[in-house]
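# Examination of the molecular architecture
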Amino acid sequence: MQTRNYIFAIHGIDCAHCANTIEVSVARLDGVEACELNATTGRLRVRGAVEPDAIITYVRSLGYEAMLLENDGVTPTTPDASVSFVEFMWQRLETRLALIGAIMIVPGVVLHELLGWRAFWIDALAFAALIAAGLPIARSAWRSLVRSRTISINALMTIAAIGAVIIGAHVEAALVMVLFAIGEAIEGFTAARARDAIRSLMTLVPETALRLRDGYETRTPVAELKVGDVIVVRPGERVPMDGVVRSGATHINQAPITGESVPVVKTPGAEVYAGSINGEGVIEVIVTHLASDNTISRMIRLVQEAQDRRAPVQRLIDRFAGWYTPAVVAIAALIAVIPPLLFGQPFWNPSPDEFGWFYRSLALLVVACPCALVISTPVSVVSALSAAARAGVLIKGGAALEALGKVRAVAFDKTGTLTTGRPVLVAVRSVECREPEQNEDARCDACTTLLELACAVEQRSEHPLAHAIVDAARVRGVMQNAPRATSVTALPGHGIVGDVNGRTVLIGSHRYFDETAPHPLAFCDRAERDAGAGRTPLMVSIDGTFAGMLSVADAIRPEAREAIARLRRAGIQHAVMLTGDRRETAQAIAADAGIDDVRAEVLPEYKAQMVENLRATYGAVAMVGDGINDTPALASATVGIAIGVAHGGTNQAMETADVTLMSDDLRRLPFVFELARATRRTIMVNVAFSIAVKAVFLVIVAAGLSTMWMAVFADMGTSLLVTLNGLRLLGMRHQGEA
């Protein structure tokens, strides 16, 4: 049979350690080459020459449900975590029995444990609660022991409960099982909540769209739409498909995709994304991607895949838990036997108020449960990935997140990253201008007339510099007054010329004017300064007489300086710019952005080597590029970050980069590093807290000062606290997010 890759949704997992047990068991099946199960996402990845039905049958034999997922790998929400905790517990038989057991154990806790009463009916109720809550746990422990030859956490609790029954502590045995079952259900509930933070994105896309065909509008399921179909999106509706606006104008709220808090203007030719919200206008959209391949579907798929990629610290903890549990059983056995045999200590409880070493060994089994330690990392990672996705940032798994937390130096591409990647008009100066010389972008009547004439000619050109002039004229309200140009002719490599109201208007480079047209020395000096600052000077003559100059530049992103400053506050010690542009141009952009280390005139093939050199100097280095021509450098960095995927960047960047910013707002970069560092701190706190609680209670148990139900309550409380601490990361937002 051919080796294949499968993804299964596993239901019924409440504990990360139980997920490890399933993983180990499936890995031992014939034909399975590799498998990995993430307890937080509930996704099992299997590679091997094995039938999927064999996997499903085997997982069911372990007491869990398995479902083969389609290619998109989107896990269905089962059970539903959008309900209350009690409703969540009632959805499954095992947790339903635990809930019933919790009710039946109340008389024993109040009358026996607190008031010291003893009665047959109290023990009978406790025993019934033990069976209700403990039977599923014991059955799972037995299956793990027989099928995978592993001692699970369920086995620890089962041994402890049986031991308590042997010594007559029925209420305590039942309380241990009930608290443990409820604690496991809480873990499952909170993990499902974390999962749903991403899965809720699926609800953002409408199930139907209004297709326009032959002049008629028809409500059509989005799954039936094809590339090239035209759909109509009315005011207030969600955009059902990725596409390009064919007609109409509106504002689109793209927050679900890019995290942008301000609606974006959309006119014909602009891209729109499934799941975004239409504003006040009606637009017709040409579909560009199938429903299974639209931007939000790729986001969900990539984030779920990222959640399955474990951080190195999580892999270390999982390996530790693999031998830790059997070691605990062995140590508990030694504690039960050695003190009575060698030191004459009591094996059984000498009195109701004094614990023997058998009881202490049982309490040790309970308190040593590694649930809190195992869950401490994955819940934090999934919460962080979910918070990032909500802000329009895709982080490719725990390994990338952990690496981000160690980065101390960031390298930036210039064009399209620190700059907008498109030229804009930055200065206009007519020879007849009367405004002060220091105001290079003059707005007097003479300069306005110069811009009108230039716009008239450049409207007939497709050159990027022409677009910059026309866009500036439109923004300044000059375009509507611009006359119509005729006989427009391009001068390849030099400029463009045309007739406007009987006058010949020539727009050309400084070099061309040096060769063909006299111009004042002051403008010559100005053109040299502009060229040195990375601008492109364009000179204008009317009927052969020099009329003035326009300056065009690839403008720095307006948020670049703020982003760099926030990066430094976030712990980034060094920022460097890598570019193939001239040194003068690079220095000018870097100065505006607040970057003091510039590596200019670097060919694309050498950018990767530059990144390697930076890694040798600073250790962990992140490379930020627009994902178009920076692939080698992005791959060479510790963490590659692609920006602006939803604003002209390549879709391949979303698939290959370690981190992808869906928008081109650089202010999301500091948020990424702040989130990574917060995640790292949270994981360290969770791990340290889990170990500290274990250590303290092990001493208390060994001293005979703790009951079993106190131990399991401490374990459950620790697991809940580390889970809630990890879920706090869901609340992190970047400064621009509402």
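You'll find the structure just up there.
This report concerns the structure included in the present document.

Definitions and limits used
- Each chain has its residues counted from 1, running along the sequence as written.
- Totals for whole chains, interfaces and linings use all residues, but because this is a predicted model, local features are given only for residues with pLDDT of at least 70 and pairs of side-chain atoms are given and counted only at 80 or more.
- Excluding hydrogens and water, the side-chain figures rest on all heavy atoms present in the structure.
- Helix and strand assignments come from DSSP, with helices taken as H or I runs of at least 4 residues and strands as E runs of at least 2, each series counted from the N terminus.
- To sort residues, take the accessible area from a 1.4 Å probe on protein chains only and compare it with the maximum for the residue type: under 20% means buried, over 50% means exposed, and anything in between is partly exposed.
- Any two residues whose heavy atoms approach within 4.5 Å at even a single point are treated as in contact.
- Only C-alpha atoms enter the line fits that serve as axes; for helices the fit covers just the stretch in contact. Angles between N-to-C directions range over 0 to 180 degrees.
- Oblique is the label for any angle not covered by the other classes, which are roughly parallel (under 35 degrees), roughly antiparallel (over 145) and roughly perpendicular (65 to 115).
- With the far helix as reference, a near helix turned anticlockwise by less than a right angle produces a left-handed crossing, and one turned clockwise produces a right-handed crossing.
- Under the grouping applied here, Gly and all other residues not named as nonpolar or charged are polar, the nonpolar ones being Ala, Val, Leu, Ile, Met, Phe, Trp, Tyr, Cys and Pro and the charged ones Asp, Glu, Lys and Arg.
- Here a strand pair is declared whenever DSSP counts at least two bridges between the two strands.
- Only buried residues count toward a nonpolar core. Its members are Ala, Val, Leu, Ile, Met, Phe, Trp, Tyr and Cys residues joined through side-chain atoms within 4.5 Å.
- Definitions used throughout: a 1 Å grid over protein atoms alone; a cavity as a set of points that fits a 1.4 Å probe which cannot get out; a pocket as an open set with protein on both sides within 12 Å along at least five of seven lines; a lining residue as one with an atom within 4 Å of a point.
- Grid points are joined across faces, edges and corners, and a volume is the space filled by probe spheres set on the points.
- Here the expected length of a helix is defined as 1.5 Å per residue gap, with one fewer gap than residues.
- The directions considered for the arc are those from the helix axis to the C-beta atoms.
- Only residues above 30% relative accessible area that lack a salt bridge enter a patch, with like-charged residues linked at up to 9 Å and the nonpolar side chains Val, Leu, Ile, Met, Phe, Trp and Tyr linked at up to 5 Å.
- We get accessible surface area from the Shrake-Rupley algorithm with a probe of 1.4 Å; when it comes to residues, only the shown protein chains can shield them.
- Take a side-chain nitrogen of Lys or Arg and a carboxyl oxygen of Asp or Glu: if they are within 4 Å of each other, that pair is a salt bridge.
- Note that His is not counted, nor are the chain ends; the positive residues are Lys and Arg, and the negative ones are Asp and Glu.
- All charge positions are set by atom: Lys at NZ, Arg at CZ, Asp at CG, Glu at CD.

### What about the environment of L451?
Inspection of the secondary structure assignment puts L451 in helix α16 (residues 445-458). For L451, a relative accessible area of 2% corresponds to the buried category. A C-alpha to C-alpha distance of 9.0 Å links L451 and S430, two positions 21 residues apart in sequence. Residue contacts for L451: discarding those within four places in its chain leaves L425, I469, A473, R476 and V478.

### Some details on the packing of helix α4 (residues 93-114) against helix α5 (residues 120-148)
Contact geometry of α4 with α5 gives a least axis separation of 8 Å together with a crossing angle of 155°. One element, α4, and the other, α5, form an angle in the roughly antiparallel class. The handedness of the crossing between α4 and α5 comes out as left-handed. In contact with E94, L97, A98, G101, M104, I105, P107, G108, L111 and H112 of α4, α5 contributes W121, I122, L125, A126, A128, A129, A132, A133 and P136. Split into classes, the residues belonging to the contact of α4 with α5 amount to 15 nonpolar, three polar and one charged.

### A few points about the sheet that holds strand β12 (residues 277-278)
Strands sit in the order β10-β9-β12 across an open sheet of three strands; the sheet is antiparallel. A strand with exactly one partner marks an edge of an open sheet, and here the two such strands are β10 (264-266) and β12. Alignment of strand β9 (residues 250-253) against β12, held across two bridges, turns out to be antiparallel. Within β12, the residue paired with I252 across the bridge is N278.

### Remarks on the packing of helix α13 (residues 378-390) against helix α26 (residues 708-727)
Put simply, α13 and α26 touch, their axes get as near as 8 Å, and they point 20° apart. One way to sum up the angle between α13 and α26 is to call them roughly parallel. The interaxial crossing formed by α13 with α26 has right-handed handedness. Across the interface between the two elements, V379, S380 and S383 of α13 pack against V722, T723, G726 and L727 of α26.

### Structural notes on the nonpolar core
In this structure, I105, M157, V366 and M708 are the most contacted members of the largest nonpolar core, which totals 56 residues. Counting residues per element, the ones that place at least two in this core are α4, α5, α6 (153-166), α7 (170-199), α10 (312-343), α11 (357-367), α25 (668-702) and α26. Sort the elements by how many residues they give to this core and α7 lands first, with 13 residues. Those residues in contact with M157 that lie beyond four places of it in its chain are V176, M177, F180, V366, C369 and V712. Among the nonpolar cores identified, the runner-up in size contains 50 residues, and V393, L567, L661 and A678 belong to it.

### Notes on the layout of surface pockets
Its volume calculated, the second largest pocket comes out at about 530 Å³. The wall of the second largest pocket is formed by 20 residues, among which H112, R118, A169, E172 and P352 lie closest to the centre. Contributions of two or more residues to the lining of the second largest pocket are made by α4 and α7. Per-element tally for the lining of the second largest pocket: the top contributor is α7, with three residues. Looking at the lining of the second largest pocket residue by residue, the classes come out as eight nonpolar, seven polar and five charged.

### Considering the sheet that holds strand β1 (residues 4-11)
Reading across the sheet, the four strands line up as β2-β3-β1-β4 and stay open at both edges, with antiparallel pairing between neighbours. Looking at strand neighbours, the two that pair on one side only are β2 (32-38) and β4 (65-68), the edges of this open sheet. Here the strands of the sheet are splayed against their neighbours by 25° on average, with no regard to which way each runs. Where helix α2 (residues 52-61) meets the sheet, its contacts fall on β1, β2, β3 (43-48) and β4, and the angle it forms with β4 comes to roughly 165°.

### Describing helix α19 (residues 521-532)
Because each turn of an α-helix spans 3.6 residues, side chains separated by three or four positions in sequence point in the same direction. Here α19 is 12 residues long and its end C-alpha atoms lie 17 Å apart, about the 16 Å a rise of 1.5 Å per residue gives. Burial in α19 covers these residues: F523, C524, R526, A527 and D530. Take α19 and look down its axis: the buried residues cluster within an arc of 160°, on one side only. Looking at α19, the residues exposed on the side facing more than 90 degrees away from the buried face are L521, A522 and R529. In this structure, the buried side of α19 is in contact with β16 (419-430), α18 (510-516), β20 (536-542) and β21 (545-556). Where α19 terminates, the next one or two residues include G534, which has phi positive at roughly 90°.

### Let's talk about the environment of S297
Take S297: it is sitting in helix α9 (residues 295-308). Residue contacts for S297: discarding those within four places in its chain leaves A291 and S292.

### Section: a negative patch on the surface
A cluster of acidic side chains, namely D514, E515, D525 and E528, defines a negative patch on the protein surface. Of all the secondary-structure elements, those providing two or more residues to the negative patch are α18 and α19. Given the relative accessible area of 45%, D514 is considered partly exposed.

### Examining the pairing of strand β6 (residues 216-221)
Looking down a regular strand, the side chains alternate between one sheet face and the other. Judged from the six bridges that link them, strand β5 (residues 208-213) and β6 form a sheet pairing that is antiparallel. Note on β6: the bridge partner recorded for R211 is T218. Connecting β5 to the antiparallel partner β6 that follows it, the hairpin turn spans two residues, and D214 within it adopts a positive phi of roughly 55°.

### Topic: a nonpolar patch on the surface
Together, L334, V337, I338, L341, L342 and F343 make up a nonpolar patch on the protein surface, roughly 630 Å² of accessible area in all. Position of L334 relative to the elements: it lies in helix α10. Classification of L334 by relative accessible area gives partly exposed; the value is 49%.

### Looking at the environment of H11
By the element assignment, H11 lies in strand β1. Residues H11 and A39, spaced 28 residues apart in sequence, show a C-alpha to C-alpha distance of 9.7 Å.

### What about helix α21 (residues 583-593)?
Looking at α21, one finds that the buried residues are T585, A586, I589, A590 and A593. The buried residues of α21 occupy an angular sector of 125° when the element is viewed end-on, so they sit on one face. G594 sits one or two residues past α21 and shows a positive phi near 90°.

Without other data, these values stay purely geometric and don't point to any function.
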